[in-house]
Amino acid sequence: MSNIYDVVVIGSGPAGYVCAIRAAQLGQKVAIIELWADDKQKPVFGGTCLNVGCIPSKALLDSSHKFVEAKDHFAVHGINVEVPGIDVAAMMARKTQIVGQLTQGVAGLLKHNGVEVIQGRGMLHANRKVEVTALDGSTQQLEAHNVVLAAGSEPINIPPAPVDNDLIVDSTGALEFSEVPARLGVIGAGVIGLELGSVWGRLGSEVVLLEALDSFLPAMDQQIAKESQKIFKKQKLDIRLGARVTGTEVKDGKVEVTYAQGDETLTEVFDKLIVSVGRRPRTNDLFASDSGVTTDERGFVYVNDYCATEAPGVWAIGDIVRGPMLAHKGSEEGVMVAERIVGKPNQLNYDCVPSIIYTDPEVAAVGKTEQELKSEGVEYKSGTFPFAAIGRALASGNTDGMVKILADKKTDRILGAHCVGPSAADLVQQMVIAMEFGSSAEDIQLMVFGHPTLSEAVHEAALAVDGHAIHMANRKKR
Ligand code: FAD
Ligand code: NAD
């Protein structure tokens, strides 16, 4: 017997559960299939983001940040504390509690919106038929007018450093250390490497990041990337570029890593090694060959601008499709698809998806980088403003970094905004709003910004685009 739904969603990460809720809000009969189960075999919602990604990593980033504040930064404010200690178990318990609260919250939202939850592994067949294999191996068949694939991603493994979940771990293992490793190696100085390297570095690990590429954060605006690199160096994150790991050996409870850098072959011994070299879409067992869904050679499902696959009535969203692997990008794709299913012409502006690295300070960006504009031959104007000249940044003692705004030379329209500095994520979000409304740099120049706030750096960077920032000496005169 087959059950017929308006919408079946496979995967309950931030892409899938948001899509399911929005579709249910729009009056659709919705089922969501999730295979992740807890130790009591109950379904776990929220995917990578809530369980082993965004949320637990930010919980540890915030805890470790508070530790560093107390240890290194309170004294300058005239606050004397005893040298603080670290209780890793308590830190982990707090993280687990936050994750539980949020995942149960998603369960509650699905129930409240009348989304039917089906536990097991979903697989798409021809004509939008979905087979669900339960944990006990039993199967059931579903049918749907629309199927939304939202199976997410998993860490990439590299042969020279096989994850053993003991000494060599991926991002999930790196959220679970029971003590602070004295020496921590990280393969890959990307987002995860920097965030989790920061967590353990703040708590006392000596952290070495081995990055295969010769440039640091190549997708970021290079001026901001260079500024960030300087700041991370001050924080004693030892970032080695052009370092290609060729092998690892576990001996005497430690892991020896061999890597090539230039003509040299070097070794380092670590107490733990994190492998964070990117993630790949989880599309192996998601659809049968007769489903009509196709992927590229890396496994990403082919979709159009609206996340429709090549199979009629089948959609794909989140980490399994092109674009950045970001929770908010997947969620908005989920909303777009749900609305398109009921005929609402929603579309997502992929030029305005912000990305953030939650180090301290944060690194955040939206839109084009300067190197992209150069390579596309776009004529542009650039304005930067340092936090060192912002009163509120001085008052709080967070003066590292800058805001950078790029605008079209002819039309003045803002094309990109980049920031490394305090609250960079929230400052760049202001620019996301501005860019969505097609703002010019002049629009920002003419707005009133509260004083004293960090946002004044956005105002001044916009003024600097035309060479008339007030609180610094401008290079060009207007
Ligand atoms: P996922 O979250 O991976 O969810 C997919 C779900 O589908 C899972 O629950 C899985 O069990 C289920 N599933 C898979 N196959 C099947 C099947 N066949 N049947 C049934 N269920 C299935 N992004 C940010 O935007 N901000 C951050 O700060 C951030 N921090 C991160 C930190 C870390 C350490 C990591 C690893 C990632 C982070 N990300 C962050 C990325 C973010 O987690 C992902 O982009 C996001 O979770 C992708 O959402 P998704 O719904 O596409 O997939
Ligand atoms: P990443 O792509 O950000 O970084 C991987 C890094 O590893 C790159 O710099 C790459 O050059 C390097 N690398 C690849 N192979 C290597 C090798 N053999 N040796 C040494 N270096 C190597 O990937 P990630 O940090 O694993 O994160 C995965 C995804 O998760 C990202 O795409 C990101 O979008 C998402 N994520 C986002 C956030 C956030 O939004 N704050 C946080 C964590 C993860």
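Residues numbered from 1 in each chain as written. Chains lettered and ligands numbered in written order. Predicted model: local features only at pLDDT ≥ 70, side-chain atom pairs only at ≥ 80, totals over all residues. Heavy atoms only, no water.

A. Focus on the state of the cysteines. All told, the structure shown has zero disulfides when counted by the stated rule. Between C19, a cysteine without a disulfide, and C307, which holds the nearest cysteine sulfur, the sulfur-to-sulfur distance is 9.4 Å. Judged by relative accessible area, C307 falls into the buried class, the value being 0%. (Disulfide = S-S within 2.5 Å. Buried < 20%, exposed > 50% of the residue type's maximum accessible area, 1.4 Å probe, protein only.)

B. Up close: the pairing of strand β9 (residues 183–187). For β9, the tally of buried residues reaches five of five residues, placing the bulk of the element in the interior. Alternating residues of β9 divide into R183, G185 and I187 and L184 and V186, and every residue in both groups is buried. Relative to strand β10 (residues 206–210), β9 is paired through five bridges, and the arrangement is parallel. Note that in β10 the partner of V186 across the bridge is L209. Note that the unit made of β9, helix α6 (residues 191–202) and β10 has a crossover that is right-handed. Pairing between β9 and strand β15 (residues 272–275): four bridges, direction parallel. (Helix = DSSP H or I, 4+ residues; strand = E, 2+ residues; numbered from the N terminus. Pairing = 2+ DSSP bridges. Right-handed = clockwise from strand over helix to strand, strands pointing away.)

C. Fine view of the packing of aromatic side chains. In total, this model carries two aromatic pairs according to the counting rule given. Measuring from ring centre to ring centre gives 5.1 Å for F177 and W200, while their planes differ by 45°; the resulting arrangement is tilted. On the criterion of sequence distance, the pair formed by F177 in the loop between α5 (171–174) and β9 and W200 in helix α6 is long-range, its members being 23 residues apart. An angle of 80° between the planes, with centres 6.2 Å apart, marks the rings of F216 and F232 as edge-to-face. Remark: F232 occurs in helix α7 (residues 222–234) and F216 occurs in the loop between β10 and α7; sequence separation between them is 16 residues. Judged by relative accessible area, F216 falls into the buried class, the value being 3%. With a relative accessible area of 1%, F232 lands in the buried category. A cation over a ring is seen here: K29 above Y5, with NZ or CZ 4.8 Å from the ring centre. Directly above the aromatic system of Y306 lies the positively charged group of R340, at a separation of 3.7 Å from the ring centroid. (Phe/Tyr/Trp six-rings, centres within 6.5 Å; stacked < 30°, edge-to-face > 60°. Lys NZ or Arg CZ within 6 Å of the ring centre and 35° of its normal.)

D. Highlighting the site of ligand 1. Around ligand 1, the structure places 37 residues, and the nearest of them are E34, T48, K58, D319 and A327. In the environment of ligand 1, an oxygen atom lies 3.3 Å from a nitrogen or oxygen atom belonging to the backbone of P14. H328 is positioned with one of its side-chain polar atoms (N or O) 3.3 Å from an oxygen atom of ligand 1. In isolation ligand 1 offers 1,000 Å² of accessible surface; the protein chains occlude 95% of this area. Counting residues per element, the ones that place at least two in the shell around ligand 1 are α1 (14–25), β2 (30–34), α2 (47–52), α3 (54–73), β4 (121–125) and α8 (327–341). Ranked by residues supplied to the shell around ligand 1, first place goes to α2 with four residues. In terms of residue class, the shell around ligand 1 is made up of 17 nonpolar, 14 polar and six charged. (Near = heavy atom within 4 Å. Polar contact = N/O pair within 3.5 Å; in protein donor to acceptor, adjacent residues only side chain to side chain. Areas by Shrake-Rupley, 256 points an atom, 1.4 Å probe, with all protein chains shown as cover. Nonpolar A, V, L, I, M, F, W, Y, C, P; charged D, E, K, R; others polar.)

E. Structural detail: the pairing of strand β5 (residues 129–133). Judged by which residues are buried, β5 turns out to be one-sided: V130 and V132 face inward and are buried, whereas K129, E131 and T133, on the alternate face, are not. Summarising the sheet, β4 and β5 pair through five bridges and their orientation is antiparallel. Bridge pairing in β5 links M123 to E131. Taking the residues between adjacent antiparallel strands as the criterion, β4 and β5 are bridged by three residues, where N127 takes a positive phi near 55°.

F. Quick look at the domain arrangement of the chain. Each domain of the chain was delimited in the assignment, giving domain 1 (4–155 + 280–348), domain 2 (168–277) and domain 3 (352–465). Between the C-alpha centres of domain 1 and domain 3 there is a distance of 30 Å. Listed per partner, the contact involves nine residues of domain 1 and seven residues of domain 3. A buried area of about 570 Å², summed over both sides, lies between domain 1 and domain 3, and 72% of it is on carbon and sulfur atoms. On the surface where domain 1 and domain 3 come into contact, there are zero salt bridges. Summed over the shared surface of domain 1 and domain 3, the result is two residue pairs in polar contact (both at pLDDT 80 or more). Of all the elements in the fold, those that place two or more residues in the side of domain 1 that touches domain 3 are α3 and α8. (Domains from an automatic or database assignment. Contact = heavy atoms within 4.5 Å. Buried area = accessible area lost by both parts, 1.4 Å probe. Salt bridge = Lys/Arg side-chain N within 4 Å of Asp/Glu carboxyl O.)

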